[in-house]
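One letter stands for each residue in the lines below.
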Amino acid sequence: MSSDRYGLLIDYEFCTGCHACEVACKKELNLVVGQWGLKVYQDGPRKLENGKWEYNFLPVPTSLCNLCADRVKEGRKPTCVHHCQAGVIEYGTLQELSKKMNEKPKTVMYSK
């Protein structure tokens, strides 16, 4: 894996589903109604066999996500990372993100 490729690491264990990342991305990319650079999906609520409930929110980058190339060129974080209220989206090299992903369950990685 090349260390100069970048991506997002999303920890959906603590995503609250506030949609701040989704709104910030939409504004950053100036997308029209119905288009999303990043979309938050809801999974659940679902009752598990052990009686507990599972309820997840997962921000998913779409094909329109460019990892905020213009912002990153200016030395800033992608807007979804900057606006994430729960701090569950990280930006970095795929190598860095892979190490973090290896240490933390309920994470997904996105690369471009």
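Residues numbered from 1 in each chain as written. Predicted model: local features only at pLDDT ≥ 70, side-chain atom pairs only at ≥ 80, totals over all residues. Heavy atoms only, no water.

Comments concerning helix α1 (residues 20-28)
If you check which residues of α1 are buried, you get Ala20, Cys21, Glu22, Ala24, Cys25 and Lys26. Buried residues along α1 sit in contact with β2 (38-47), β3 (53-61), α3 (79-83) and β4 (89-93). Asn30 lies just past α1 and shows a positive phi near 55 degrees. (Buried < 20%, exposed > 50% of the residue type's maximum accessible area, 1.4 Å probe, protein only. Helix = DSSP H or I, 4+ residues; strand = E, 2+ residues; numbered from the N terminus. Contact = heavy atoms within 4.5 Å.)

Quick notes on the packing of aromatic side chains
Taken as a whole, this structure holds two aromatic pairs when the rule is applied. Plain terms: the ring middles of Tyr6 and Tyr91 are 5.3 Å apart, the flat faces sit at 15 degrees to each other, and that makes the pair stacked. Here Tyr91 lies in strand β4 and Tyr6 lies in strand β1 (residues 6-11), a separation of 85 residues in the sequence. Look at Tyr6 and you get partly exposed, because its relative accessible area is 37%. The class for Tyr91 is partly exposed, based on a relative accessible area of 25%. Of note, Lys39 hangs over the ring of Trp36, and the distance from its end group to the ring centre comes to 4.4 Å. (Phe/Tyr/Trp six-rings, centres within 6.5 Å; stacked < 30°, edge-to-face > 60°. Lys NZ or Arg CZ within 6 Å of the ring centre and 35° of its normal.)

What about the state of the cysteines?
With the rule as written, the count across this model stands at zero disulfides. In this structure Cys25 is a free cysteine whose sulfur lies 6.0 Å from that of Cys65, the closest cysteine sulfur available. Looking at Cys25, the relative accessible area reads 6%, which means it is buried. Here Cys68 is not cross-linked by a disulfide; its sulfur's nearest cysteine counterpart is in Cys80, at 6.0 Å. (Disulfide = S-S within 2.5 Å.)

Section: the sheet that holds strand β5 (residues 107-111)
If you trace the three strands from one edge of the open sheet to the other, you get β4-β1-β5, paired in antiparallel fashion. The sheet is open, and its two edges are formed by β4 and β5, each paired on a single side. For this sheet, the mean angle separating the axes of adjacent strands, direction not counted, is 25 degrees. Sheet topology note: the β1/β5 ladder contains five bridges and is antiparallel. The residue bridging Gly7 from the neighbouring strand is Ser111, located in β5. (Pairing = 2+ DSSP bridges. Axes fitted to C-alpha atoms, helices over the stretch in contact; angles between N-to-C directions.)

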